[in-house]
Amino acid sequence: MRRTAGLLLTLPLLLAVACSSSTKATSPATPSASSAAPTVPAPVTEASPMPTLSGGGFGSKATITIPPGAPSGQFVVNTVSEGDRSTVNKGDWVTVNYSAKDWTTGKDLPSSYDEGGKPQLYQAGSGQLVPAFDQSVIGKKVGSRLLVVAPPAAAFGSQGNGQLGVGPGDTVVFVLDIMESLPQDSTLSGAMTQPPATLPQVKDNGKAAVTITVPPGQAPPTDLQQAVLIKGEGKPVKSGQTLVVQYTGVLWSNGQQFDSSWSHGGAQALQIGTGSVIEGWDKGLVGQTVGSRVELVVPPALGYKDQAQGSVPPNSTLVFVIDILEAV
């Protein structure tokens, strides 16, 4: 949950093209909103000439060799190796590692495999990233490696992206490794333990918001309370990571639900440990393992303090149940 709103909203996943040149670009941002969006050609699976790949396979940085001659101008999405996991659908939260090269200049571009790089997390087909990322993964299986030749209309358009080193009208080659895909109705399964009787009890409702029952007559705690209801086997969450979560929040005072990811279409993305969310979430989720369901009881001092937020009155103690589905 964000500090400044009663509803949790998807975090921006892009660097704006209009940022100052001193800002290092680390992800494939869309063209600026002021630019007219070019028509994206329908992708084909092969065109001549085609780049070739060497180096390691899926899950490692690819070495991209540009062939002689000019690019075909077609938007190419070629499956180099096919995974055997779920198929990516529009709206899924997809995690992609990537290598990249500017066909026009022959220069290597920043990669998620470089030192300091990280995978790209976004919703497939949402328009959050350039079409080379946004559209290429739909219908492909997790575990696949894709070779994508992106003409300007599927990459950075006629203005390019100076931060990434892409010139105006350049064709860009991407190698995308689809690491994970989570539908918006993803949730955790498995045996769930209840927190201590002095804390709210939780009923699982499958692919719907959990039911949280505040103990009647119990005074709210004055400090942050944490209870792990399902213990995940993933890595611990680190400050600065982006999480994909399902969550539900109720007021301690009357048990009324005031927010839930299920009210916003399902799983949401947020950055943790950086002040982007209320302090109770930053303190309560950093260090938890991916795949965990966590109950947090957040006192006012770590929530919205003396400020009203939507249906949340001032000085409210908040109760959340949060499924940590992914961390990038």
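Residues numbered from 1 in each chain as written. Predicted model: local features only at pLDDT ≥ 70, side-chain atom pairs only at ≥ 80, totals over all residues. Heavy atoms only, no water.

S.K.: How would you sum up the layout of surface pockets? Please name residues and give values.
M.R.: The calculated volume of the second largest pocket comes to roughly 260 Å³. If you trace the second largest pocket, you find it lined by G234, K235, P236, K238, Q241, V290, E326 and A327. (1 Å grid on protein atoms, 1.4 Å probe; cavity = no way out; pocket = protein on both sides within 12 Å on 5 of 7 lines; lining within 4 Å. Points joined across faces, edges and corners; volume = space filled by probe spheres on them.)

S.K.: Account for the pattern of salt bridges, with residues named and values stated.
M.R.: When the charged atoms of two side chains lie near each other, side chains of opposite charge can form a pair. For the coordinates displayed, the defined rule picks out 8 salt bridges. D114 serves as the salt-bridge partner of K61, at 2.8 Å between the closest nitrogen and oxygen. Placement of K61 in the loop between β1 (52–55) and β2 (62–65) and of D114 in the loop between β5 (108–109) and β6 (120–123) is noted, with a sequence separation of 53 residues between them. Classification of D114 by relative accessible area gives partly exposed; the value is 26%. (Salt bridge = Lys/Arg side-chain N within 4 Å of Asp/Glu carboxyl O. Helix = DSSP H or I, 4+ residues; strand = E, 2+ residues; numbered from the N terminus. Buried < 20%, exposed > 50% of the residue type's maximum accessible area, 1.4 Å probe, protein only.)

S.K.: Run through the packing of aromatic side chains, naming residues and quoting values.
M.R.: A complete count under the given rule lists 6 aromatic pairs for this structure. Ring centres of F258 and F320 lie 5.8 Å apart, and the angle between their planes is 80°; this geometry places the pair in the edge-to-face category. Of the two residues, F258 sits in strand β13 (residues 257–260) while F320 sits in strand β16 (residues 318–327), which places them 62 residues apart along the sequence. With a relative accessible area of 10%, F258 lands in the buried category. One aromatic cluster is present, built from ring pairs that chain together Y98, Y122, F133 and F174. (Phe/Tyr/Trp six-rings, centres within 6.5 Å; stacked < 30°, edge-to-face > 60°.)

S.K.: For the pairing of β2, give the residues involved together with the corresponding values.
M.R.: Alternating positions in β2 separate cleanly, A62 and I64 being buried on one face and T63 and T65 remaining unburied on the opposite face. In this structure, β1 lies alongside β2, joined through 4 bridges in antiparallel fashion. Residue pairing for β2: S54 is matched across the bridge by T63. Connecting the antiparallel pair β1 and β2 is a turn made up of 6 residues, with G59 showing a positive phi of about 90°. (Pairing = 2+ DSSP bridges.)

Geometric values such as these leave the question of function open.
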